[in-house]
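Understanding the architecture of this molecule
Chain residues, written in single-letter form:
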Amino acid sequence: MRKHAEIVIIGGGIIGCSIAYHLTKFGKKDVLVLEQFQLTHGATWHAAGVVGQLRPSRNVTRMLQKSVQLYDVLEEDTGQAIDWKKVGSLRIASSKDRMKEYRRAATTARSFGMEMQLMSPKEAQDLFPIMTVEGVEGATYIESDGYVDPASLCQAFAAGARKRGAEIVQNCRVTGFKKNGRNVTEVHTSQGTVTADTVVNATGMWGHELGGLMETRVPAFAVEHQYLITDPIPDLPAGMPTVRDPDLLLYWKPEVRGIVVGGYEANTLAFARDGIPENWDQQLLPDNYDRFEPLAENAAMRTPVVSEVGMRQMINGAIPISADGDFVMGKVNELDNVFVACGFIYGIAAAGGAGEVMAEWIIEGQPSMDLWPLDVRRFQAHHNTSYFMYDRAVEIYAKHYAMKWPVEEHSTVRNIRSSPLYERLEEAGAVFGSKAGWERANWFAPISIAAVDEPSFDWPNWFEHVGAEHKAVRERVAVIDQTSFAKMEMVGPGTCAALQWLSVANVDRDTGSVIYTQLCNDRGGIEADLTFCRMAEDRYYAVTGTAFGEHDFAWIKRHLPDDGSVHCVDVTSAYAVLNLCGPLSRDVLAKVAQEPVDGETFKFAKSRKLTIGAAPVLAMRVSFTGELGFELHIPSEYARHVYQLLLDAGAEYSIANAGYRALNSLRMEKNNLAWAADVTPDYTPYHARIERFISKNKNDFLGKTALSEIAGTGPDQLLCTFALEKKVPVNGAEAILRDGKVLGVTCSADFGHTVQKPIVFGYVAADEAAFENYEIEVYGESVPAVRHDAPLYDPQGVKFRA
């Protein structure tokens, strides 16, 4: 084994070998792969090998499409047969709701440029003759999906990597690391020590344990997954597709002369809660026939021949998963030269594309497309705990084939983080959702209504009640508990200069200024969308979205000078936040604040220190709702006190509680954008039509060169706002069309309760972005829509500046 490598990849499974393959393909020769056993001996060797592409995220789908494109040519490149069968995939709908979900999925696929056919039960049976059509409502078919032999695929990646210079060392267990500051400098193994410039954790189900050795947060581990292989089935047609029947929790995959039958049952077990056994080398778990029995009964109902032929083998293997069910990828927050690619619950389908984007990430510092749904920086501290991650993963596994409702919350391991007002809001009828572990009030149920979500593909049970909260904000006054905001203080003589370099806006403003800005990368893509409040000459207070604190604050810290001139402190838990909003919000605040809050004294985009009752409060004049509003940042111990004062003072104005679902409807009417949905690193402020926030007077800032070029040539895509001409439920991922031509996909979507229209945002090509009339495809129906240049509500912005 070499003593030094530019890039050390730990893990010789399908993902680690794919990363090595792509790194060498991109010209990196000094690559070393360390595998504790033999290649494929973790989870790869017993994977089912099903390859599907369509996912809710456009970029994740693109990544999986890269896999299929590679599998088409990999054997030719490496000389290693992979048994790739591009036979297509069939999805059966055994309920009316599932068929509606499929119509929505077909719309999404169409917007992604992917063909997904809707089929009748008879057409499905023609492709899968051993199925019955009893209870079948229809099906979908994607021709370009298929299946592959996982072990052969992994060996092909390894062969290609070796051919281009990589070294793969097997039977080499990593035992520890040596660090120098924020870098791993040495990897200690059972075969000696190797120094490294970059380290990649691609250890699959061992991701959490290896991450712990480096003191990094990697919530990737394993759960049990079972499937059976039947004896030969007579007259099974050649070229049969892979098949899923999610209502019955089942999948089928052709096998040599027989068929694989597996599924996702509700009562699987987390694997090795107390640590993976030391010699877990190509091992399986004991068969659990009792747990598999409901799946076997469903399989006999849909494919009776399965119960007539014998069972050749039952496989019960540990498969990787993460704390939220999605992959764990990217550069870790805690170290500067460590990357992770673990937790791949469908790693065979993802391996080709994931290896490519990880290679880009390692070489360029960022992937070629935004992968926030998979980014390791999405995880908070609680995600990495045994208390949380195992039980949540079991729930996520059980929901793998559950109905994909447009809006749905998890039920396990809740009440991890909560506002001081949690009990008060619960008494008021709050129906909570969970975001980054925080319990947040999504909506409030009246006394006569059950305080539970009832998701639907039509109008859910909270629709009219969210509309009432929306109306309270527009016409009266409401209070929204936004304590879950991520918050950080930055202090020191270098703070202003550092933030000036990072921000597109000018942050060198008077003390008390509130500055909304984007932080861009060197390509001009939007890495963060947040607010700074200048507290003093050398002190700023940052506020960003609940789930984005780890990401945004890490981005800031990575770009600070290393001379100690800026110190950062996360103060998320120190302050509760109440958003007092609505045209009567000033009247309420004036009754409880000792200081004047009139429009002349307290102007928009300014902050003031107020005394509310006995509480010291930092108040900011900002508005995400489009109405007059005051964001009150309150030391947590005073939150209940201030909340009660506001309710008492607002009683004469019929003050209401409002939740996050009303907030989303309100912000859509005002064209207020959300990071990760509407603005991402894939888009610049020019693409999102928010270039007005770019300072014209700053000499330089991160991304300025790229933004100047785009300003000159114009962006290739533009974000547009559309109002639909028919009252239909929209949730995002609808296709945007003009004259029947697919132009793009919606990102945000909601019903505007003031304008009484569904509203969607979405990017289309710049030369298609200036027309008036378009169509939005909703569950297969093409609905007329009108594009609007200005917000649908208060287009002049008079109300929030009042």
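Data block above holds the structure.
Residues numbered from 1 in each chain as written. Predicted model: local features only at pLDDT ≥ 70, side-chain atom pairs only at ≥ 80, totals over all residues. Heavy atoms only, no water.

**Digging into the pattern of salt bridges**
Side chains bearing opposite charge may pair, as long as their charged atoms lie close to each other. Here the structure, examined in full by the defined rule, presents 44 salt bridges. Here Glu215 makes a salt bridge to Lys179, at a shortest N to O gap of 2.8 Å. A residue pair is termed long-range when its members are at least 10 positions apart, and Glu215 in the loop between α7 (207-213) and β12 (220-230) and Lys179 in strand β9 (residues 174-180) qualify at 36 residues. The class of Glu215 is exposed, set by a relative accessible area of 59%. (Salt bridge = Lys/Arg side-chain N within 4 Å of Asp/Glu carboxyl O. Helix = DSSP H or I, 4+ residues; strand = E, 2+ residues; numbered from the N terminus. Buried < 20%, exposed > 50% of the residue type's maximum accessible area, 1.4 Å probe, protein only.)

**Structural notes on the packing of aromatic side chains**
This model, assessed by the stated rule, comprises 26 aromatic pairs. The interplanar angle of 90 degrees and the centroid separation of 4.8 Å between the aromatic rings of Tyr516 and Phe693 together place this pair among those described as edge-to-face. On the criterion of sequence distance, the pair formed by Tyr516 in strand β24 (residues 514-520) and Phe693 in the loop between α18 (660-669) and α19 (704-713) is long-range, its members being 177 residues apart. With a relative accessible area of 28%, Tyr516 lands in the partly exposed category. Assessed through its relative accessible area of 24%, Phe693 is described here as partly exposed. (Phe/Tyr/Trp six-rings, centres within 6.5 Å; stacked < 30°, edge-to-face > 60°.)

**What about the environment of Leu34?**
Its location among the elements puts Leu34 in strand β2 (residues 31-34). You can call Leu34 buried: its relative accessible area is 1%. Distance in space between the C-alpha atoms of Leu34 and Glu167 is 8.7 Å, their sequence separation being 133 residues. Residues contacting Leu34, with those up to four places away along its chain left out, are Met1, Val8, Ile9, Ile10, Gly11, Gly12, Val169, Cys172, Val174, Val187 and Thr189. (Contact = heavy atoms within 4.5 Å.)

**Describing the side chain of Ser665**
Examined against the element boundaries, Ser665 turns out to sit in helix α18. When residues no more than four places from it in sequence are discounted, the contact partners of Ser665 are His470, Asp750, Phe751, Gly752 and His753.

**Some thoughts on the sheet that holds strand β33 (residues 717-724)**
By way of backbone hydrogen bonds, the strands of a sheet pair with one another, either parallel or antiparallel. If you walk around this closed barrel you meet the six strands as β33-β36-β35-β34-β37-β38, and the pairing is antiparallel. When strand polarity is set aside, the average angle formed by the axes of neighbouring strands in this sheet is 45 degrees. In this sheet, strand β36 (residues 757-765) lies alongside strand β35 (residues 741-752) in antiparallel orientation, the contact comprising five bridges. Residue pairing for β36: Thr746 is matched across the bridge by Gly762. In this fold α18 packs onto β35 and β36, with an angle of close to 125 degrees to the strand it touches most, β35. (Pairing = 2+ DSSP bridges. Axes fitted to C-alpha atoms, helices over the stretch in contact; angles between N-to-C directions.)

**With respect to helix α6 (residues 150-163)**
Taking 1.5 Å as the rise per residue, α6 with 14 residues should run 20 Å; its terminal C-alpha atoms sit 20 Å apart, in good agreement. All of the buried residues in α6 are Pro150, Ser152, Leu153, Cys154, Ala156, Phe157, Ala158, Gly160 and Ala161. On the buried face of α6, the contacting elements are α1 (14-25), α2 (58-71), α3 (74-78), β8 (167-169) and α10 (347-364). Of the residues flanking the end of α6, it is Gly165, one or two places downstream, whose phi is positive at about 115 degrees. (Expected span 1.5 Å × (residues − 1).)

**A short note on the environment of Tyr227**
Tracing the backbone shows Tyr227 in strand β12. Tyr227 has contacts with His46, Ala47, Ala48, Tyr251, Val260, Val261, Gly262, Phe292, Gln313, Met314 and Ile315, leaving out every residue within four places of it along the chain.

**Notes on unusual backbone geometry**
In this model, Ala272 sits at a positive phi of 55 degrees, which is unusual for a non-glycine residue. Relative to the elements of secondary structure, Ala272 occurs in the loop between β15 (259-263) and α8 (289-302). Non-glycine residue Gln756 carries a positive phi angle of around 60 degrees. Inspection of the secondary structure puts Gln756 in the loop between β35 and β36. Judged by its relative accessible area of 49%, Gln756 is partly exposed.

**Description of the layout of surface pockets**
Taken as a whole, the second largest pocket spans an internal volume of roughly 430 Å³. Secondary-structure elements contributing two or more residues to the lining of the second largest pocket are α10 and α15 (549-558). Tallied by class, residues from the lining of the second largest pocket come to nine nonpolar, five polar and ten charged. (1 Å grid on protein atoms, 1.4 Å probe; cavity = no way out; pocket = protein on both sides within 12 Å on 5 of 7 lines; lining within 4 Å. Points joined across faces, edges and corners; volume = space filled by probe spheres on them. Nonpolar A, V, L, I, M, F, W, Y, C, P; charged D, E, K, R; others polar.)

**A word on empty space enclosed by the protein**
Taken as a whole and assessed by the stated rule, the structure comprises four cavities of 30 Å³ or more. As for the largest cavity, its lining consists of Ser419, Tyr422, Leu425, Phe432, Glu439, Arg440, Ala441, Asp481, Gln482, Thr483 and Ser484. The leading source of residues in the lining of the largest cavity is strand β21 (residues 438-444), at three residues. By residue class, the composition of the lining of the largest cavity is four nonpolar, four polar and three charged. The space that makes up the second largest cavity amounts to roughly 50 Å³. Every residue along the wall of the second largest cavity is listed here: Arg217, Val332, Asn333, Glu334, Val376, Arg377, Phe379 and Glu550. Residue composition of the lining of the second largest cavity, by class: three nonpolar, one polar and four charged.

**Some points on the pairing of strand β4 (residues 89-93)**
Where burial is concerned, most of β4 is hidden: five out of the five residues are buried. The two faces of β4 match: Ser89, Arg91 and Ala93 on one face and Leu90 and Ile92 on the other face are all buried. Taken together, the five bridges between β4 and strand β6 (residues 138-142) define a ladder with antiparallel strand orientation. By the bridge assignment, Ile92 is partnered in β6 with Ala139. As paired elements, β4 and strand β13 (residues 242-245) share three bridges and run parallel to each other. Looking at β13, one finds that Arg91 is bridged to Arg244.

**A closer look at the nonpolar core**
Soluble globular proteins tend to bury their nonpolar side chains together. Core analysis: the largest hydrophobic core is formed by 101 residues, its most contacted members being Ile9, Ile19, Met63, Phe157 and Met329. The element contributing the most residues to this core is α10, with ten residues. Not counting residues within four places of it along the chain, the set of residues in contact with Phe157 comprises Ile14, Cys17, Ser18, Tyr21, Leu70, Tyr71, Leu74, Ala351 and Gly352. Among the nonpolar cores identified, the runner-up in size contains 35 residues, and Val477, Val479, Leu578 and Tyr653 belong to it. (Core = buried A, V, L, I, M, F, W, Y, C linked by side-chain atoms within 4.5 Å.)

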